[in-house]
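What follows is each chain in one-letter form.
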2 protein chains.
Amino acid sequence: MQHVDVLIIGGGPAGISAAVWCKRLGVDCLLLEEQAQLGGQLFTIYNEIIDYPGIQAENGIEMQRKMVQHFIDMGCLYEVNTKVISIDERSKTVKVKQQETEKEISYTYLILATGSSQRKLGVPGEQQMIDRGEVYSASADGERLKGKRVALIGGGDRAFEGAHLLASQAKQVYLIHRSTHFKAREQYVEKVLSDPGVKVMTDTEVTAIHGKHHVTSIDLKSKNSECKNLSVDAVLIRLGIAPNVELIKEKVTTTQSGLIVINEVHQSSDPAIYAIGDACTTPLFSSISSSAGQGAIVAKYVSSLLKKS
Amino acid sequence: MQHVDVLIIGGGPAGISAAVWCKRLGVDCLLLEEQAQLGGQLFTIYNEIIDYPGIQAENGIEMQRKMVQHFIDMGCLYEVNTKVISIDERSKTVKVKQQETEKEISYTYLILATGSSQRKLGVPGEQQMIDRGEVYSASADGERLKGKRVALIGGGDRAFEGAHLLASQAKQVYLIHRSTHFKAREQYVEKVLSDPGVKVMTDTEVTAIHGKHHVTSIDLKSKNSECKNLSVDAVLIRLGIAPNVELIKEKVTTTQSGLIVINEVHQSSDPAIYAIGDACTTPLFSSISSSAGQGAIVAKYVSSLLKKS
């Protein structure tokens, strides 16, 4: 079985930084990335990046290019299109899938740099919709959604901001939230509640998304009324961010919101497992800078452990 | 009196990052730097920098240029040649000296990004030697020290590494350490102890450095013998690194080695005072990456406090 001293899962800024630092410190290291390219959430940044000192990038793609070029120039080892399907923390091995083949890799230290994702509804039809590419940005896709019936799901800033943005262009906007309490800022809520173009439906859950080639309707279940079907052309899920910890959540301590609990050197409750980046950082403090900094710290720490042993 | 919401002391990577982030978040912020240029310890990095993801810089100067350019492009406010001479944490004001004038600035939050410096002996003649520019690198100044009598002061890795490097070129190398216990790695100690070109003097303290135009001798005091004067041509002080906390050490909690004690958002024991970079980071974990990351975190945190108030 292949063995590496340090195995990093996830090729976003945190994982790239940890790998660059491992290389710099002479530590045997391999990075695994599920997607076809390194970069992680950098691919979802469409705006200028002005807060990574020393680099002013036009967008996430430009930052991705610079970081990956650095990673490649350093000769860091990595495998893309490689999905980790399980972690066995007792034998310190991970099972990975590459296309149709599976293999196992053993590690001395495991660094989880799995990032975070938009939280999902977990209802039938949702993944198919995402797989069909029916994923919209309220700020950038106004033209695409012109004259359509749009459902926004969620009760936070992004749901309300999106509803407000789309109200002037869409035929009808539904804002659907499972409770009557909104997390969104008051000024956003007020704007939307007074907007005739938005119908706000509270105490309502989405139970299914229908449509073969594109979304045609959703099923709704309300507290006080029976189930009903609502015709819509697009669904925007705005439930917030969740750390990607499915692989590990039963094996290490996590917070209520799913973040991996770490100490000052980013060690989890399992002494061989570390976490960096959005897998352990609350969205409030998430940034490319802090992810890169965390990669440096964890690499320096595991390097010191490996040199002692 | 001038007031700023956030006052940053120190213009190295940590301070630059905090300022860039404050600007990005719309926070009123001013950075003070004692030297004529921003950059801090970047000016002491003569090697290639390969561990700040996304930038591969030839040396500290190149990194300094990129970071300062970013800082300037963002329109961050700063004052150079500005030495903070005292901090009054009760009135939340600092007194600064610019050439011959003094002024006071009040703050809501103070961020200490004062970095660290080589630890000094604190003996007569030392500062004069430094001011004359008699500061050597064991790795880069072999040629300059050829045929000279050289004293290295310290018991750690850098003292022993330096003694070993210089032994083949200098006329005589003295390694002088105040105790008989060495912090340096065993392999370094063994190499030096078996090297006929190095005389190791333990239980010995340097009490003065003599010389008008250049170093001519040092005074030594040993545990078991009387004081003596030793003729040398150069003194390399290798006592390790100390955080620059003179201004604040009586006002906030510090560790035994002088580092400012902080919580996860970099707040010190005084709730209005924060620390980032080498003022609060052990040398083991010090890096440009982690300093930049810390700047992001503290700016995000104080920004959230300012928006609440």
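Residues numbered from 1 in each chain as written. Chains lettered and ligands numbered in written order. Predicted model: local features only at pLDDT ≥ 70, side-chain atom pairs only at ≥ 80, totals over all residues. Heavy atoms only, no water.

Chain A goes by Thioredoxin reductase (NADPH) in an unreviewed UniProt entry, where it is assigned to Priestia aryabhattai. Quoted verbatim from the Subunit (unreviewed entry) heading of the UniProt record, the comment on chain A is "Homodimer." For the record of chain A, the UniProt heading Cofactor (unreviewed entry) holds the text "FAD". (UniProt positions renumbered as here; feature names shortened; annotations may be inferred.)

Caption draft 1: Layout of the overall build of chain A. Of the regular secondary structure elements, chain A holds 6 helices and 18 strands. Against the 2.2 N^0.38 benchmark of 19 Å for 309 residues, chain A shows a C-alpha radius of gyration of 22 Å, consistent with a compact globule. Oriented by its inertia axes, the alpha-carbon framework of chain A measures out at about 65 × 40 × 35 Å. Taking the intrachain contacts of chain A between residues at least 6 apart in sequence as the baseline, contacts between residues at least 24 apart amount to 58%. Roughly 14,900 Å² of accessible area belongs to chain A as shown, and the carbon and sulfur atoms make up 48% of that amount. Looking at chain A, you have 34 positive and 35 negative side-chain charges, and the mean spots of the two groups are 1 Å apart. (Helix = DSSP H or I, 4+ residues; strand = E, 2+ residues; numbered from the N terminus. Rg over C-alpha atoms; globule rule 2.2 N^0.38 Å. Contact = heavy atoms within 4.5 Å. Areas by Shrake-Rupley, 256 points an atom, 1.4 Å probe, with all protein chains shown as cover. Lys, Arg positive; Asp, Glu negative; His and termini not counted. Charge placed at Lys NZ, Arg CZ, Asp CG, Glu CD.)

Caption draft 2: Seen up close, the sheet that holds strand β12 (residues 198-201) of chain B. Residue and element names in this part refer to chain B. Spatially, the 4 strands line up as an open sheet ordered β12-β11-β10-β16, and their pairing is parallel. With one partner strand each, in any of the chains shown, β12 and β16 (234-237) form the two edges of the open sheet. On average, adjacent strands in this sheet sit at an angle of 20° to one another, irrespective of strand direction. Inspection of the sheet shows strand β10 (residues 149-153) paired to strand β11 (residues 172-176) by 5 bridges, in the parallel sense. Across the sheet, residue A151 finds its bridge partner in β11, namely Y174. (Pairing = 2+ DSSP bridges. Axes fitted to C-alpha atoms, helices over the stretch in contact; angles between N-to-C directions.)

Caption draft 3: Geometry of the packing of aromatic side chains. Enumeration over the complete set of coordinates arrives at 11 aromatic pairs over all chains. Centroid distance Y52(A) to Y52(B): 5.0 Å. Interplanar angle 20°. Geometry classified as stacked. On the criterion of chain membership, the pair formed by Y52(A) in strand β3 (residues 49-52) and Y52(B) in strand β3 (residues 49-52) is interchain, its members lying in two chains. We note that Y52(A), like Y52(B), is buried. Measuring from centroid to centroid gives 6.0 Å for Y109(A) and Y274(A), while their planes differ by 80°, and the two rings are edge-to-face. (Phe/Tyr/Trp six-rings, centres within 6.5 Å; stacked < 30°, edge-to-face > 60°. Buried < 20%, exposed > 50% of the residue type's maximum accessible area, 1.4 Å probe, protein only.)

Caption draft 4: Spotlight on the environment of L145(B). Residues and elements named next belong to chain B. Here L145 is to be found in the loop between α3 (126-131) and β10. Residue classification places L145 among the buried residues on the basis of a relative accessible area of 1%. Between the C-alpha atom of L145 and that of Q169, which follows or precedes it by 24 residues, the distance is 7.2 Å. Setting aside anything within four residues of it in sequence, one finds L145 in contact with Y136, V150, L166, Q169, A170, A234 and L236.

Caption draft 5: How the structure looks around the interface of chain B and chain A. In this assembly, 31 residues from chain B lie in contact with 31 residues from chain A. When the two sides are added together, the surface that chain B and chain A hide from each other amounts to roughly 2,700 Å², 66% of it contributed by carbon and sulfur. When the area that chain B buries against chain A is broken down by residue, the three leading residues are P53(B), H70(B) and F285(B), summing to 23%. Taken together, chain B and chain A are joined by 2 salt bridges. Here D51(B) and R24(A) are joined by a salt bridge, their closest N and O atoms 2.5 Å apart. There are 18 residue pairs in polar contact (both at pLDDT 80 or more) connecting chain B and chain A. Among the elements of the structure, α1 (13-24), β3, β4 (55-57), α2 (60-73) and α6 (288-308) of chain B are those that each provide at least two residues to the side of chain B that touches chain A. Looking at the side of chain B that touches chain A element by element, the count peaks at 8 residues for α6(B). (Buried area = accessible area lost by both parts, 1.4 Å probe. Salt bridge = Lys/Arg side-chain N within 4 Å of Asp/Glu carboxyl O. Polar contact = N/O pair within 3.5 Å; in protein donor to acceptor, adjacent residues only side chain to side chain.)

Caption draft 6: Layout of α1(B). Residues and elements named next belong to chain B. If you check α1, its first and last C-alpha atoms are 16 Å apart, about what 12 residues at 1.5 Å a residue would give, namely 16 Å. Burial analysis of α1 places 10 of its 12 residues in the buried class, the great majority of the element. When α1 is considered as a whole, its buried residues turn out to be P13, A14, G15, I16, S17, A18, A19, V20, W21 and C22. Residue G26 follows α1 closely and has a positive phi angle near 75°. (Expected span 1.5 Å × (residues − 1).)

Caption draft 7: Layout of the nonpolar core. Ranked by size, the top nonpolar core spans 76 residues in total, and within it V6(A), I8(A), M63(A), V6(B), I8(B) and M63(B) carry the most contacts. Once residues within four sequence positions are removed from consideration, V6(B) is found in contact with C22(B), V27(B), D28(B), C29(B), L30(B), Y109(B), I111(B), V302(B) and L306(B). (Core = buried A, V, L, I, M, F, W, Y, C linked by side-chain atoms within 4.5 Å.)

Caption draft 8: Looking closely at the pattern of salt bridges. All names here are of chain B. A complete count under the given rule lists 20 salt bridges over all chains for this structure. For the salt bridge of E34 with K83, the shortest nitrogen-to-oxygen distance reads 3.3 Å. Residue E34 is found in the loop between β2 (29-32) and β3, and its partner K83 is found in strand β6 (residues 82-88); the two are separated by 49 residues along the sequence.

Caption draft 9: Local environment of the relation of the copies chain B and chain A. You can overlay chain B on chain A at an RMSD of 0.3 Å; the transform is a turn of 178° with a shift of 0.1 Å along its axis. Seen this way, the second copy is the image of the first under a two-fold rotation axis. Minimal C-alpha distance to the rotation axis in chain B is attained by G293(B), lying at 2.4 Å. A shared binding surface is used by both copies, with 100% of the interface residues of chain B retained as interface residues in chain A. (Least-squares fit on C-alpha atoms with pLDDT ≥ 70 in both.)

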